[in-house]
Amino acid sequence: MKDIEKLILYRGFEQGNVLEGITQVMERLPQKDREGLRELCYGCLHELVEIAASHGFEGNLWQNYLTFLLVNHENAYSRACEIRGNVPGSINELAHHDFALFKGWFGYDFRELGEKLGMPELGVLMDYNRSGRNGNVFNHRIRDRICALSVRLGQAGSVEEFKDEVTAFYGEFGVGKLGLHKAFRIEHGEKGARIVPITNIAHVHLDDLVGYELAKQKLVDNTEAFVKGRKANNCLLFGDAGTGKSSSIKAVINQYYGQGLRMIEVYKHQFQDLNDVIAQIKNRNYKFIIYMDDLSFEEFEIEYKYLKAVIEGGLEKKPDNVLIYATSNRRHLVREKFSDKAERDDELHTNDTVQEKLSLVYRFGVTIYFGAPGQKEFQEIVKRLARKHHIPMGEDELLLEANRWELSHGGRSGRTAQQFVDYLLGRDWGQQQRNQ
């Protein structure tokens with residue numbers, strides 16, 4: 001029996017071709033089929049380099065690859081450990097069995113294998129230097145965590161130490177795409193809704209958002225209660241455009257990611273997939289915010305009915321690890337016209353129709369208002385952004401230009417202030433400042 005077939009928990013890897021190929025080479029090595037083994041090795045070497053390029057790995061590519069398989073494999077043990085760490089029970093013996101196999105694979109010496117097969121190129125796997133690109137699958141934080149874990153696993157002195165390192169990683173960061181990434185989007189395929197990681201989310205923090213202290217605190221209080229397992233409410237952030245509603249939600253995700261908070265962005269046309277999405281996440285040890293940006297409905301749109309059904313729940317109630325956060329420029333979400341209030345001769349129960357449309361907002365237990373900043377608050381936003389980006393302008397000149405800018409660019413808002421600072425950074429001296 002091949003070693004890879006002895007795995008109990010860690011089976012069926014999505015990108016397990018290299019593992020299967022290399023273990024096959026090692027097992028067939030005594031047969032002295034050099035040509036066949038070289039062909040197999042070259043194929044594995046190609047795949048490892050492609051994985052390194054797409055994920056930004058460097059160092060010992062073989063150990064990086066094995067670590068990548070471990071941190072992405074969702075099974076009974078890894079799911080039990082995510083966000084919780086060590087768990088009791090017999091499953092630890094099965095995990096120990098699998099980790100003993102992995103530890104053996106970690107010890108493969110590709111320089112020695114290269115000498116035996118006449119393939120000095122294999123030595124590159126032991127100390128690979130990437131070309132400078134970070135990769136497009138993981139952001140650099142996730143990549144660095146995997147590479148650091150890879151080094152620790154390679155240095156583990158025993159199977160138990162190896163197991164402890166992997167388990168600690170699951171406890172701190174989780175497992176699979178839901179563990180490693182903060183934010184996700186939805187793709188609809190032949191098999192239904194698929195949750196896809198967003199690898200480039202803005203690293204905005206609440207301290208970066210000037211003003212709205214009461215509004216931000218209300219959002220933080222609700223989110224913190226949710227993360228800590230207490231009762232929390234669906235949340236609607238409404239108000240003027242460009243005032244930081246979306247940025248505030250991104251900020252709480254960044255703040256509580258380490259405590260198991262994740263965000264799934266859903267667009268209006270995807271509301272029919274909400275039940276499918278919730279079914280995929282309801283039994284995980286993470287807390288999920290389903291995020292709907294710039295939510296509003298025209299009178300002819302009926303997607304709000306799907307959203308109401310999800311919030312209210314049918315026979316199966318909405319899971320405790322799921323909340324809905326939405327932003328909107330409209331207080332009542334569904335567009336209301338005078339015709340909704342008068343002269344609807346074609347409908348008998350007009351009040352029922354109005355109430356059905358307006359009742360959606362009442363499904364959000366917490367509503368938070370973000371209004372356009374006053375002049376002093378707008379100027380404070382500009383000054384803080386200018387300091388953050390080290391813009392070398394006097395305060396009087398800065399505020400004078402900012403006032404001119406907002407008059408011709410949509411009025412005062414946090415977004416307008418950021419656009420003004422981006423304009424300043426686009427000047428020649430802005431490039432010089434960034435190069436210093």
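This section reports on the structure supplied with the text. (Residues numbered from 1 in each chain as written. Predicted model: local features only at pLDDT ≥ 70, side-chain atom pairs only at ≥ 80, totals over all residues. Heavy atoms only, no water.)

## Notes on the overall build of the chain
A tally of helices and strands in the chain yields 18 helices and 7 strands. Here the chain holds 436 residues, and the buried ones make up 49% of them. Taking as baseline every contact in the chain between residues at least 6 positions apart, the subset at least 24 positions apart corresponds to 77%. When the accessible surface of the chain is split by element, carbon and sulfur atoms take 47% of a total near 22000 Å². (Helix = DSSP H or I, 4+ residues; strand = E, 2+ residues; numbered from the N terminus. Buried < 20%, exposed > 50% of the residue type's maximum accessible area, 1.4 Å probe, protein only. Contact = heavy atoms within 4.5 Å. Areas by Shrake-Rupley, 256 points an atom, 1.4 Å probe, with all protein chains shown as cover.)

## Looking at the side chain of Thr243
Within the secondary structure layout, Thr243 lies in the loop between β3 (235–239) and α11 (245–256). A polar atom in the side chain of Thr243 sits 2.7 Å from the backbone oxygen of Asp240. What Thr243 contacts, discounting residues up to four positions off in sequence, is Tyr212, Phe370, Gly371 and Ala372. (Polar contact = N/O pair within 3.5 Å; in protein donor to acceptor, adjacent residues only side chain to side chain.)

## Quick word on the nonpolar core
Counting residues in hydrophobic clusters, the biggest one holds 88 residues, and the most contacted among them are Trp62 and Tyr77. With 8 residues, helix α3 (residues 61–72) is the largest single contributor of residues to this core. Excluding residues within four positions of it along the chain, Tyr77 makes contact with Leu9, Tyr10, Val87, Ile91, Asn92, Ala95, Phe99, Lys163, Thr167 and Tyr170. Judged by nonpolar contacts, the second largest core, of 27 residues, contains Val227, Tyr256, Tyr325 and Val366. (Core = buried A, V, L, I, M, F, W, Y, C linked by side-chain atoms within 4.5 Å.)

## Examining the pattern of salt bridges
Counted under the stated rule, the structure contains 16 salt bridges. A salt bridge links Glu380 to Arg387, with the nearest nitrogen and oxygen atoms 3.9 Å apart. Accessibility expressed as a relative area gives 29% for Glu380, which makes it partly exposed. With relative accessibility at 52%, the residue Arg387 sits in the exposed group. Across the pair Glu395 and Lys383 runs a salt bridge whose closest N-O atoms are separated by 3.8 Å. (Salt bridge = Lys/Arg side-chain N within 4 Å of Asp/Glu carboxyl O.)

## Focus: the packing of aromatic side chains
Summed over the entire model, instances satisfying the criterion amount to 17 aromatic pairs. Seen from their ring centres, Trp62 and Tyr108 are 5.9 Å apart, and the 15° between their planes marks the pair as stacked. In this pair, Trp62 is assigned in helix α3 and Tyr108 in the loop between α5 (91–106) and α6 (110–117), connecting sequence segments 46 residues apart. Of the two residues, Trp62 and Tyr108, both sit in the buried class. Relative to Phe420, the ring of Trp405 lies with its centre 6.0 Å away and its plane at 50°, an arrangement referred to as tilted. Here Phe420 lies in helix α17 (residues 414–425) and Trp405 lies in helix α16 (residues 395–408), a separation of 15 residues in the sequence. The exposure class of Trp405 is buried, given its relative accessible area of 15%. Residue classification places Phe420 among the buried positions, given a relative accessible area of 0%. Through a chain of ring-to-ring contacts, the aromatic side chains of Tyr10, Phe13, Tyr77, Phe99, Phe102, Trp105, Phe106 and Phe162 assemble into a single cluster. (Phe/Tyr/Trp six-rings, centres within 6.5 Å; stacked < 30°, edge-to-face > 60°.)

## What about the sheet that holds strand β6 (residues 322–328)?
Overall, mixed pairing links the 7 strands, which are arranged β2-β1-β4-β5-β6-β3-β7 in an open sheet. The strands lining the two open edges of the sheet, one partner per strand, are β2 (192–198) and β7 (366–370). On average, adjacent strands in this sheet sit at an angle of 25° to one another, irrespective of strand direction. Where strand β5 (residues 287–292) lies against β6, 5 bridges are found, and the strand directions are parallel. In the strand pairing of β6, Ile290 is matched with Ile324. (Pairing = 2+ DSSP bridges. Axes fitted to C-alpha atoms, helices over the stretch in contact; angles between N-to-C directions.)

## Details of the pairing of strand β4 (residues 261–265)
Here β4 lies mainly inside the structure; 5 of its 5 residues are buried. The alternating pattern of β4 places Leu261, Met263 and Glu265 and Arg262 and Ile264 on opposite faces, both of which are buried. As judged from the 3 bridges shared by strand β1 (residues 183–189) and β4, these two strands associate in the parallel manner. For Phe184, the partnering residue across the bridge sits in β4 and is Ile264. Note that β4 and β5 share 5 bridges and pair parallel. Within β5, the position partnered with Met263 by the bridge is Ile289. For the crossover that starts at β4, traverses helix α12 (residues 274–281) and ends in the parallel β5, the hand is right-handed. (Right-handed = clockwise from strand over helix to strand, strands pointing away.)

## Things to note about the packing of helix α7 (residues 140–155) against helix α8 (residues 159–173)
At a minimum axis distance of 8 Å, the contact between α7 and α8 shows a crossing angle of 160°. Comparing the axis directions of α7 and α8 gives the class roughly antiparallel. Like other packed secondary-structure pairs, α7 and α8 cross with a definite hand, here right-handed. Note on element contacts: α8 touches α7 through Glu161, Phe162, Glu165, Val166, Phe169 and Phe173, opposite Arg145, Leu149, Arg152, Leu153 and Gln155. In the contact of α7 with α8, the residues fall into 6 nonpolar, 1 polar and 4 charged. (Parallel < 35°, antiparallel > 145°, perpendicular 65-115°, else oblique. Left-handed = near helix turned anticlockwise from the far one by under 90°. Nonpolar A, V, L, I, M, F, W, Y, C, P; charged D, E, K, R; others polar.)

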